[in-house]
Amino acid sequence: MSKLYIVPTPIGNLEDMTFRAIAVLKEVDLILAEDTRTSGKLLKHFEITTHMHSHHMHNEHKTVENVVKRIQAGETIALISDAGTPAISDPGFLLTRACVENGIEVDCLPGATAFVPALVNSGLPNDKFVFEGFLPDKKGRQTRFLALQEEYRTMIFYVSPHKLNKTLAEFIQYFGANRPISVSREISKLHEETIRGTAEEVLKHFEAKPAKGEIVVCVGGKSLK
(Lines give C-alpha, C1' and ligand atoms only; values in the text may rest on other atoms or scores of the structure.)
Protein backbone atom coordinates (compact mmCIF):
# COMPACT_ATOMS: atom_id res chain seq x y z
CA MET A 1 0.00 0.00 0.00
CA SER A 2 1.38 3.42 -0.96
CA LYS A 3 2.09 5.76 1.92
CA LEU A 4 4.34 8.51 3.24
CA TYR A 5 7.08 7.55 5.68
CA ILE A 6 8.56 10.17 7.98
CA VAL A 7 12.07 8.86 8.72
CA PRO A 8 14.34 10.36 11.42
CA THR A 9 18.07 10.45 10.66
CA PRO A 10 21.02 10.79 13.06
CA ILE A 11 21.73 14.20 14.57
CA GLY A 12 25.42 13.37 14.83
CA ASN A 13 26.39 9.79 15.50
CA LEU A 14 25.57 7.54 12.53
CA GLU A 15 25.07 4.62 14.92
CA ASP A 16 21.79 6.27 15.97
CA MET A 17 20.26 5.23 12.63
CA THR A 18 17.72 2.45 13.27
CA PHE A 19 17.57 -0.83 11.35
CA ARG A 20 13.97 -0.06 10.40
CA ALA A 21 14.88 3.36 9.02
CA ILE A 22 17.55 1.80 6.80
CA ALA A 23 15.13 -0.86 5.58
CA VAL A 24 12.41 1.67 4.76
CA LEU A 25 14.80 3.96 2.87
CA LYS A 26 15.97 1.00 0.80
CA GLU A 27 12.43 -0.13 -0.04
CA VAL A 28 10.58 3.10 -0.89
CA ASP A 29 10.23 4.41 -4.44
CA LEU A 30 11.59 7.87 -3.64
CA ILE A 31 13.30 9.76 -0.83
CA LEU A 32 12.56 13.44 -0.29
CA ALA A 33 15.61 15.08 1.30
CA GLU A 34 16.14 18.54 2.76
CA ASP A 35 19.63 18.71 1.21
CA THR A 36 20.45 15.93 -1.25
CA ARG A 37 24.20 16.52 -0.82
CA THR A 38 24.03 16.05 2.96
CA SER A 39 21.66 13.08 2.72
CA GLY A 40 23.72 11.59 -0.09
CA LYS A 41 26.58 10.98 2.34
CA LEU A 42 24.22 9.24 4.77
CA LEU A 43 22.68 7.04 2.08
CA LYS A 44 26.10 6.09 0.72
CA HIS A 45 27.26 5.08 4.21
CA PHE A 46 24.33 2.68 4.58
CA GLU A 47 24.46 1.53 0.93
CA ILE A 48 21.04 2.97 0.13
CA THR A 49 20.62 3.58 -3.61
CA THR A 50 17.04 4.90 -3.66
CA HIS A 51 16.56 7.97 -5.85
CA MET A 52 16.28 11.34 -4.07
CA HIS A 53 14.45 14.59 -4.76
CA SER A 54 14.95 17.89 -2.95
CA HIS A 55 12.27 18.93 -0.45
CA HIS A 56 13.12 21.95 1.71
CA MET A 57 11.60 25.07 3.24
CA HIS A 58 12.05 27.10 0.04
CA ASN A 59 10.24 24.71 -2.31
CA GLU A 60 7.88 22.63 -0.16
CA HIS A 61 4.86 24.82 -0.93
CA LYS A 62 5.37 24.04 -4.62
CA THR A 63 6.20 20.34 -4.34
CA VAL A 64 3.52 19.11 -1.92
CA GLU A 65 0.76 18.74 -4.51
CA ASN A 66 2.96 16.72 -6.86
CA VAL A 67 4.15 14.44 -4.06
CA VAL A 68 0.56 13.75 -2.99
CA LYS A 69 -0.35 12.86 -6.58
CA ARG A 70 2.60 10.47 -6.84
CA ILE A 71 1.56 8.64 -3.67
CA GLN A 72 -2.06 8.50 -4.86
CA ALA A 73 -0.74 6.95 -8.09
CA GLY A 74 0.81 4.12 -6.10
CA GLU A 75 4.27 5.24 -5.03
CA THR A 76 5.63 4.95 -1.50
CA ILE A 77 7.74 7.94 -0.49
CA ALA A 78 9.99 8.68 2.49
CA LEU A 79 10.76 12.12 3.86
CA ILE A 80 14.03 12.84 5.66
CA SER A 81 15.69 16.03 6.90
CA ASP A 82 19.38 16.84 7.29
CA ALA A 83 19.29 15.55 10.87
CA GLY A 84 16.66 14.43 13.35
CA THR A 85 12.93 14.00 12.84
CA PRO A 86 11.34 15.83 9.90
CA ALA A 87 8.75 18.52 10.74
CA ILE A 88 10.39 19.31 14.12
CA SER A 89 11.74 22.76 13.18
CA ASP A 90 12.34 21.29 9.72
CA PRO A 91 10.24 20.82 6.56
CA GLY A 92 7.56 18.17 6.80
CA PHE A 93 4.41 19.59 8.34
CA LEU A 94 2.88 20.82 5.07
CA LEU A 95 3.37 17.48 3.34
CA THR A 96 2.12 15.49 6.32
CA ARG A 97 -1.00 17.65 6.57
CA ALA A 98 -1.68 17.34 2.84
CA CYS A 99 -1.40 13.56 3.00
CA VAL A 100 -3.73 13.36 5.99
CA GLU A 101 -6.26 15.61 4.26
CA ASN A 102 -6.15 13.36 1.19
CA GLY A 103 -6.58 10.13 3.12
CA ILE A 104 -3.00 8.99 2.56
CA GLU A 105 -1.44 6.86 5.29
CA VAL A 106 1.42 8.56 7.15
CA ASP A 107 3.88 6.44 9.17
CA CYS A 108 6.40 8.33 11.33
CA LEU A 109 9.23 6.11 12.53
CA PRO A 110 10.69 6.64 16.01
CA GLY A 111 14.23 7.95 16.06
CA ALA A 112 16.65 10.75 16.77
CA THR A 113 15.50 14.23 17.73
CA ALA A 114 17.68 16.72 19.59
CA PHE A 115 15.32 18.13 22.19
CA VAL A 116 14.53 14.85 24.00
CA PRO A 117 18.10 14.05 25.19
CA ALA A 118 18.64 17.74 25.95
CA LEU A 119 15.56 17.79 28.18
CA VAL A 120 16.49 14.57 29.98
CA ASN A 121 20.11 15.73 30.45
CA SER A 122 19.02 19.12 31.79
CA GLY A 123 17.92 17.89 35.21
CA LEU A 124 14.91 20.20 34.90
CA PRO A 125 11.35 18.89 35.41
CA ASN A 126 10.34 16.86 32.35
CA ASP A 127 6.92 15.56 33.36
CA LYS A 128 5.50 18.66 31.66
CA PHE A 129 7.30 20.76 29.08
CA VAL A 130 6.70 23.03 26.09
CA PHE A 131 8.72 22.92 22.88
CA GLU A 132 9.22 26.42 21.48
CA GLY A 133 11.77 25.63 18.76
CA PHE A 134 13.37 28.72 17.21
CA LEU A 135 12.19 32.07 18.55
CA PRO A 136 11.16 34.74 16.02
CA ASP A 137 14.15 36.79 14.90
CA LYS A 138 12.54 40.21 15.11
CA LYS A 139 8.79 40.61 14.68
CA GLY A 140 6.95 38.84 17.48
CA ARG A 141 10.05 38.04 19.53
CA GLN A 142 9.22 40.35 22.45
CA THR A 143 5.58 39.26 22.35
CA ARG A 144 6.68 35.62 22.63
CA PHE A 145 8.94 36.34 25.60
CA LEU A 146 6.15 38.24 27.39
CA ALA A 147 3.76 35.32 26.83
CA LEU A 148 6.31 32.87 28.23
CA GLN A 149 6.91 34.83 31.43
CA GLU A 150 4.00 33.01 33.06
CA GLU A 151 4.92 29.56 31.68
CA TYR A 152 5.38 27.08 34.54
CA ARG A 153 6.55 24.15 32.42
CA THR A 154 10.14 23.60 31.30
CA MET A 155 10.67 25.44 28.00
CA ILE A 156 12.81 24.06 25.16
CA PHE A 157 14.41 26.27 22.51
CA TYR A 158 16.61 25.71 19.47
CA VAL A 159 19.22 28.49 19.28
CA SER A 160 21.91 29.14 16.67
CA PRO A 161 25.39 29.62 18.21
CA HIS A 162 25.82 33.23 17.08
CA LYS A 163 22.52 34.16 18.77
CA LEU A 164 23.06 32.23 22.00
CA ASN A 165 24.50 35.03 24.16
CA LYS A 166 21.85 37.48 23.00
CA THR A 167 19.14 34.93 23.79
CA LEU A 168 20.59 34.16 27.23
CA ALA A 169 20.62 37.90 27.99
CA GLU A 170 16.96 38.05 26.98
CA PHE A 171 16.20 35.13 29.29
CA ILE A 172 17.72 37.17 32.12
CA GLN A 173 15.68 40.19 31.08
CA TYR A 174 12.34 38.41 30.90
CA PHE A 175 12.74 35.47 33.31
CA GLY A 176 15.31 36.72 35.83
CA ALA A 177 19.03 36.14 36.40
CA ASN A 178 18.41 33.17 38.71
CA ARG A 179 16.17 31.15 36.34
CA PRO A 180 17.68 27.63 35.94
CA ILE A 181 18.96 26.91 32.45
CA SER A 182 20.65 24.01 30.68
CA VAL A 183 22.46 24.39 27.36
CA SER A 184 23.21 21.19 25.43
CA ARG A 185 25.60 21.49 22.52
CA GLU A 186 26.55 19.03 19.75
CA ILE A 187 24.34 16.22 21.07
CA SER A 188 25.66 12.75 20.13
CA LYS A 189 28.75 14.27 18.48
CA LEU A 190 32.42 14.19 19.50
CA HIS A 191 32.38 17.51 21.38
CA GLU A 192 29.02 17.08 23.11
CA GLU A 193 28.59 19.04 26.34
CA THR A 194 25.87 20.30 28.65
CA ILE A 195 26.27 23.47 30.72
CA ARG A 196 23.84 23.97 33.60
CA GLY A 197 23.29 26.83 36.03
CA THR A 198 21.39 30.04 36.47
CA ALA A 199 20.77 32.21 33.42
CA GLU A 200 23.46 34.59 34.63
CA GLU A 201 26.02 31.82 35.24
CA VAL A 202 25.41 30.20 31.87
CA LEU A 203 25.70 33.54 30.05
CA LYS A 204 29.05 34.25 31.75
CA HIS A 205 30.28 30.81 30.69
CA PHE A 206 29.51 31.37 27.02
CA GLU A 207 30.76 34.96 27.05
CA ALA A 208 34.13 33.53 28.10
CA LYS A 209 33.88 30.52 25.78
CA PRO A 210 31.73 31.23 22.68
CA ALA A 211 29.51 28.35 21.66
CA LYS A 212 29.79 26.38 18.45
CA GLY A 213 27.58 23.77 16.81
CA GLU A 214 23.95 22.75 17.22
CA ILE A 215 22.39 24.03 20.47
CA VAL A 216 19.31 23.15 22.52
CA VAL A 217 18.43 25.32 25.54
CA CYS A 218 16.10 24.16 28.33
CA VAL A 219 14.75 26.82 30.66
CA GLY A 220 13.02 26.09 33.94
CA GLY A 221 9.46 27.34 34.18
CA LYS A 222 8.13 29.96 36.55
CA SER A 223 7.91 28.70 40.12
CA LEU A 224 4.34 28.03 41.29
CA LYS A 225 5.27 28.76 44.93
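Residues numbered from 1 in each chain as written. Predicted model: local features only at pLDDT ≥ 70, side-chain atom pairs only at ≥ 80, totals over all residues. Heavy atoms only, no water.

1. Quick word on helix 6 (residues 141-148)
Within the span of helix 6, buried status applies to R141, F145 and L148. Along the axis of helix 6, the buried positions cluster into a sector of 65°, meaning they face one direction only. Turned more than 90 degrees away from the buried face of helix 6, the exposed residues are Q142 and T143. Looking at the buried side of helix 6, the elements it contacts are strand 6 (129-133), strand 7 (154-159) and helix 7 (164-175). (Buried < 20%, exposed > 50% of the residue type's maximum accessible area, 1.4 Å probe, protein only. Helix = DSSP H or I, 4+ residues; strand = E, 2+ residues; numbered from the N terminus. Arc of directions from axis to C-beta. Contact = heavy atoms within 4.5 Å.)

2. Some details on the layout of surface pockets
Estimates place the volume of the largest pocket at around 630 Å³. What lines the largest pocket is a set of 26 residues, and nearest its centre among them are A83, D90, F134, Y158 and E214. Among the secondary structure elements, those contributing two or more residues to the lining of the largest pocket are strand 7 and strand 10 (215-219). Residue composition of the lining of the largest pocket, grouped by class: twelve nonpolar, eight polar and six charged. Lining the second largest pocket are 13 residues; nearest its centre among them are P125, Y152, R153, T154 and G221. Each residue belonging to the lining of the second largest pocket can be placed in one class, and the counts come to five nonpolar, four polar and four charged. (1 Å grid on protein atoms, 1.4 Å probe; cavity = no way out; pocket = protein on both sides within 12 Å on 5 of 7 lines; lining within 4 Å. Points joined across faces, edges and corners; volume = space filled by probe spheres on them. Nonpolar A, V, L, I, M, F, W, Y, C, P; charged D, E, K, R; others polar.)

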